[in-house]
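The residues making up each chain are set out below.
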Amino acid sequence: MNIRSGAHYTQMMVYDFDGDGKAELMFKTAPGSKTITFDKKGKPKKETYITLPREDRKAGITHKDDYRLSRTDYYEHVVNMFMSWTKHEEVVKGQWPATLEECFGIAPTYSYPLSRKDAESLADYFMDVYAPARSDKNKLRECEGFIVDGPEYLTIFKGKTGAELDTVRYEPERHDDGLMWGDYAMARIEPANRVDRFLAGVAYLDGRHLQKHWMVDSGWAPMTNPFNDSPHGRDGTDPKFGTLTTQGAHSLSVVDVDGDGKDEIVYRSATIDHDGSLLYSSFDVMPPESAIPGQTARLGHGDALHVTDIDPDRPGKEIFMVHEGGTYAPYGYSLRDAKTGKIIYGACSGKDTGRGMIGDIDPDQRGLETWAIGLWTAAGKQLDTRMPGTNMSIKWAANMTTQIVNGAIDVTPTIEDWRRGTLLTATGTKTNNYTKGTPSLVANIFGDWREEMLVRTADSSAIRIYLSTEPTTHKLYTLMHDPQYRADVARQNIGYNQPSYTSFYFASDMDWANVPIPKLYTPRALIEEESSVEADEVEASEIDEKEVDGTEVNKTKANGTEIDTKELKAESVESAEDL
C-alpha cells in the first residue's frame, strides 16, 4: 500500500549486499508496507510492518494511512494547487506565468490569490476543456489510484526470513505531483508519472560498505510554462550535473567502463563515475538532414541500452543505444566508446528509433552485430536492411552465438536463431511488458554458460523455466561469476528489461586467452556456520595456505573479515576453456 506499482515505478533489487552468501531484498516502502510469513501449508501466520522513523511517528503517521487518491481526491488536489499558485517557487521567481489564464492561453479573468470558487472554475476548465484539447488521452476526470503525498522509505529485508534489516528515508522525495518534473507540460498530461519513475541497480563502488556514498542531481529542467512547454533538451539548474537532463531512459547499466576496478553508472547517454562525478554526458553536432543542422545537441533518451565488449578489436567496452529525439537528435542509433562517450558510428534516423539489440548472430562476422535500423557489424559495415527481433536476447546455442526471444502481447514466445530459425516455441506461456515482449528473466541460473529463459504460464499461475539441451564442446564458468553479468541480472527487472552482458567479449570467435578467470571468494557466512557442513561444502576456516588442484590458496579480506579463499591463478591454466 502507498507505493505505486508498475515496471517504471516499483524497482526491486535482490542481491547479497552484506557479503554473507545469502541475498537480501531492497526496495521502496511506505506506511502500510509489511512482510507476511506463511506456514508450510501456504497460509499466512504472521504479519510484520516495517519500522516507521521516529519523526514520522511523532507526526502522527501510522500504518493505517492510505495516500491513494480517488477521482474526487485528485480534483481537490488540483483545486488546492491552483489556490496556492501565487506562492509557487517558480511563480515567485518569475520563471512561470503569474496567472493560470496565461498558462492556458486564455483571457485574464480572475483575481489572485484565487478564491476556492475561482480555483474550482479554473480546475473545471483545465480538466474538461484545456487538457482534452491537447490530447484525447487526457481524461483527468478519471485519474485515480496514484499517490502524491506521504513519506517513502528504502527498506532492506533478509532474504531467508523476510526480517527487516534497515529502513531509511527514500531519496529523492516527490516534491510535488510532477508539475516541476514535466508531467503536465507536454500534450500528454500524466499526473504523478515522471515524478514517480525510478531506476535501480547494484554497483561495486568500493567493494566493502553498504552506506550512502553520494547523490547526483541534475536540478530542475527549467520550463517557461509548466502547462505548455517541454523539459527536454535543456540543462538542469545544477551547475555540475545539469547536462544529465534528457540523457536518461527506462533502464541503466552498471559497468566498469574505465578499467579501474570500480563500477560506473551508465545512465544511458551519460555516465557517472564510481565516485559520483560526471564522467561524461554525450553531445554531438546535428547533421544537415536534421531540424537544427550545425547545432550541438544531446544524444538523448532511448529505450534500449547494451554495454559490453562489442568490438574485440578496439580497446575497452562499447555502448550501443537507440534514441528517440527524431529530427532533433544527432542519432537514431549509435555505438560509442564506453569510457569516453565518443561516437564510433551511428546515423540520424529522423524518427523515434525505439528498439535495438546486439549479439553474435552471424558467426562469419568479427565482433557482435548491432541492429536498430538494419543490421551492422561491430565495425559499422551494413550487412542487411532486415534485422532480428529486439525484445530480448539469449545465449542459447552450443556454438556461443546469440539468439533472440520473440513474442509479445498474445503471441507465444519463441527463441529464434538468425540462420537456423525457430529453436524453441514456449507453448502455453506469455511474455511481459505488453509490446516490449520480455520474459520474466533471461539469465544463467543453473550453471554451464548458457542462459535459461523464465516465462510465466498463460494464466500467470506459475513460472516456467526453459534451458538449452544442445551438447556443447565449450567449457566456461557460470556467467554469474562475472561481476558485470551478475549486476546486470540484478537490474534486469527494472523499467524496460534489457539483456545481461559479461565484462568480456562473449561470442563464437572469442579468444579464450582474454577471458578473465574469476576469483572464488568463500562467503563470510560459512565462517559463522556450525563446524559440521555438507559433504559438498568447504568450511572457510579449514582451508590452508597450500596448493589445491594446482592452484594457490591465499588469505584475503572481505568486508573487514579475514578469510581463506581459493584464488584461481591465470598461470595455472591455459585459458578459461580449460577450467
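Residues numbered from 1 in each chain as written. Predicted model: local features only at pLDDT ≥ 70, side-chain atom pairs only at ≥ 80, totals over all residues. Heavy atoms only, no water.

Undergrad: Explain the overall build of the chain to me, please; I cannot follow it from the model alone.
TA: Of the regular secondary structure elements, the chain holds 7 helices and 31 strands. Here the chain holds 579 residues, and the buried ones make up 47% of them. Long-range pairs, those at least 24 residues apart, make up 56% of the contacts in the chain with a sequence separation of at least 6. For the chain, the accessible surface area stands at approximately 27400 Å², while carbon and sulfur atoms represent 50% of it. (Helix = DSSP H or I, 4+ residues; strand = E, 2+ residues; numbered from the N terminus. Buried < 20%, exposed > 50% of the residue type's maximum accessible area, 1.4 Å probe, protein only. Contact = heavy atoms within 4.5 Å. Areas by Shrake-Rupley, 256 points an atom, 1.4 Å probe, with all protein chains shown as cover.)

Undergrad: Is there a simple way to think about the sheet that holds strand E13 (residues 305–308) in this case?
TA: Backbone hydrogen bonds hold the strands of a sheet together, and the pairing may be parallel or antiparallel. Taking strand neighbours across the sheet as the criterion, the 4 strands line up as E13-E14-E15-E16 in an open arrangement whose pairing is antiparallel. Every interior strand has two partners, whereas the edge strands, E13 and strand E16 (343–347), have only one. Taken pair by pair, the neighbouring strands of this sheet meet at an average axis angle of 10°, ignoring direction. Sheet topology note: the strand E15 (residues 333–337)/E16 ladder contains 4 bridges and is antiparallel. Paired with Arg336 across the two strands is Ile343, which belongs to E16. (Pairing = 2+ DSSP bridges. Axes fitted to C-alpha atoms, helices over the stretch in contact; angles between N-to-C directions.)

Undergrad: What is the right way to read the packing of helix H2 (residues 71–83) against helix H5 (residues 116–134) from this model?
TA: Helix-helix packing is described using two parameters, namely the angle between the two axes and the distance between the axes. Interhelical geometry of H2 versus H5 gives an angle of 120° and a closest axis separation of 9 Å. In this view, H2 runs oblique relative to H5, as classed from their interaxial angle. As H2 runs across H5, the sense of the crossing is right-handed. In this structure, H2 contributes Tyr74, Tyr75, Glu76, Val78, Val79, Asn80, Phe82 and Met83 to the contact, and H5 contributes Arg116, Ala119, Glu120, Leu122, Ala123, Asp124, Phe126 and Met127. In terms of residue class, the contact of H2 with H5 is built from 11 nonpolar, 1 polar and 4 charged. (Parallel < 35°, antiparallel > 145°, perpendicular 65-115°, else oblique. Left-handed = near helix turned anticlockwise from the far one by under 90°. Nonpolar A, V, L, I, M, F, W, Y, C, P; charged D, E, K, R; others polar.)

Undergrad: How should the UniProt feature "domain: Rhamnogalacturonan lyase family 11 C-terminal" (unreviewed entry) in the chain be read in this particular structure?
TA: Cross-referencing UniProt, the feature "domain: Rhamnogalacturonan lyase family 11 C-terminal" (unreviewed entry) maps to residues 2–35 and 138–515 in the present numbering. A distance of 15 Å separates the end C-alpha atoms of residues 2–35, which is 0% helix and 35% strand. (UniProt positions renumbered as here; feature names shortened; annotations may be inferred.)

Undergrad: In this structure, what is going on with H2? I would like to understand it.
TA: Helical geometry note: an α-helix holds 3.6 residues per turn, so side chains three or four residues apart project in the same direction. For H2, with 13 residues, the first-to-last C-alpha span of 19 Å sits near the 18 Å given by 1.5 Å per residue. Its buried side turned inward, H2 meets helix H4 (100–104) and H5. (Expected span 1.5 Å × (residues − 1).)

Undergrad: Would you explain the nonpolar core in this entry?
TA: Proteins that are soluble and globular tend to have nonpolar side chains buried together. Counting residues in each nonpolar core, the largest one holds 35 residues, and the members touching the most others are Leu476, Phe506 and Met510. Looking at this core, the elements with two or more residues in it are strand E14 (318–322), E15, strand E17 (357–359), strand E19 (375–376), strand E26 (441–443) and helix H6 (483–490). Of all hydrophobic cores here, the second largest spans 34 residues; its members include Tyr75, Val91, Ala119 and Leu179. (Core = buried A, V, L, I, M, F, W, Y, C linked by side-chain atoms within 4.5 Å.)

Undergrad: Please clarify how the pairing of strand E24 (residues 421–425) should be interpreted in this entry.
TA: Side-chain direction in a regular strand flips from residue to residue, so the side chains alternate between the two faces of the sheet. Bridge analysis of strand E23 (residues 414–417) against E24 gives 4 bridges, and the strand direction is antiparallel. Across the sheet, residue Asp417 finds its bridge partner in E24, namely Gly421. Between the antiparallel neighbours E23 and E24 lie 3 residues.

Undergrad: Teacher, can you tell me more about a nonpolar patch on the surface here?
TA: A cluster of nonpolar side chains, namely Ile445, Phe446, Ile463, Ile465 and Leu467, defines an oily patch on the protein surface of about 460 Å² accessible area. Mapped onto the fold, Leu467 is located in the loop between strand E28 (463–466) and H6. With relative accessibility at 46%, the residue Leu467 sits in the partly exposed group. (Patch = residues over 30% accessible without salt bridge, like charges linked within 9 Å, V, L, I, M, F, W, Y side chains within 5 Å. Salt bridge = Lys/Arg side-chain N within 4 Å of Asp/Glu carboxyl O.)

Undergrad: How should the packing of aromatic side chains be read in this particular structure?
TA: Given two aromatic rings, their pairing is described by the distance between the two centres and the angle made by the two planes. This model, assessed by the stated rule, comprises 23 aromatic pairs. Residues Phe82 and Phe104 carry aromatic rings whose centres are separated by 6.1 Å and whose planes lie at 55° to one another, so their mutual orientation is tilted. You can see Phe82 sitting in helix H2 and its partner Phe104 sitting in helix H4, a full 22 residues away along the chain. For Phe82, a relative accessible area of 0% translates into the label buried. Among the residues examined, Phe104 registers a relative accessible area of 6% and is labelled buried. Sitting over the face of the ring of Tyr9, Arg4 holds its NZ or CZ atom 4.1 Å from the ring centroid. In this structure, Lys395 packs its charged tip against the face of Phe506, placed 5.6 Å from the ring centre. (Phe/Tyr/Trp six-rings, centres within 6.5 Å; stacked < 30°, edge-to-face > 60°. Lys NZ or Arg CZ within 6 Å of the ring centre and 35° of its normal.)

Undergrad: I tried to follow H6 on my own but got confused; where do I start?
TA: Summarising burial for H6: 6 of the 8 residues are buried, a large majority. Turning to H6, its buried residues number three or more, namely Gln484, Tyr485, Ala487, Asp488, Val489 and Ala490. Buried residues belonging to H6 abut strand E1 (12–15), strand E7 (253–255), E13 and E26.

Undergrad: I would appreciate a short explanation of the pattern of salt bridges in the present structure.
TA: Side-chain pairs of opposite charge can arise where the charged atoms are in close proximity. Counting across every chain of the model gives 30 salt bridges. The residue Lys93 makes a salt bridge to Glu90 at a minimum N-O spacing of 2.7 Å. The exposure class assigned to Glu90 is buried, which follows from its relative accessible area of 7%. Taken together, the salt bridges that share partners define one network made up of Lys28, Glu152, Arg174 and Asp196.

Undergrad: How do you make sense of the environment of Gln95 when you look at a structure like this?
TA: Along the polypeptide, Gln95 turns up in the loop between helix H3 (89–92) and H4. Separated by 127 residues in the primary sequence, Gln95 and Pro222 place their C-alpha atoms 8.0 Å from one another.

Undergrad: Looking at this model, I keep getting lost on the confidence of the model for the chain. Mind explaining?
TA: Caution applies to low-pLDDT regions: their predicted coordinates should not be interpreted in detail. Within the chain, residue pLDDT values average 89, and 89% of them lie at 70 or more. Low confidence marks residues 530–574, where pLDDT is under 50. Its contacts with residues over four positions away, or in another chain, come to 71 contacts. (pLDDT = per-residue confidence, 0-100.)

Undergrad: What's the story with unusual backbone geometry in this structure? I'm lost.
TA: One can expect most non-glycine residues to show negative phi and most peptide bonds to be in trans. Look at the link from Tyr112 to Pro113: it is a cis peptide, with omega at 0°. Following Glu171, the chain continues into Pro172 via a peptide bond in cis, with omega recorded as 0°. Structurally, Pro172 can be placed in the loop between strand E6 (164–169) and E7. Phi at Tyr434 takes a positive value of approximately 50°, unusual for a residue other than glycine. If you trace the backbone, Tyr434 turns up in the loop between strand E25 (429–430) and E26. Here the phi dihedral of Asp448 falls at roughly 60°; this positive angle occurs in a residue that is not glycine. Along the chain, the position of Asp448 falls in the loop between E26 and strand E27 (452–457).

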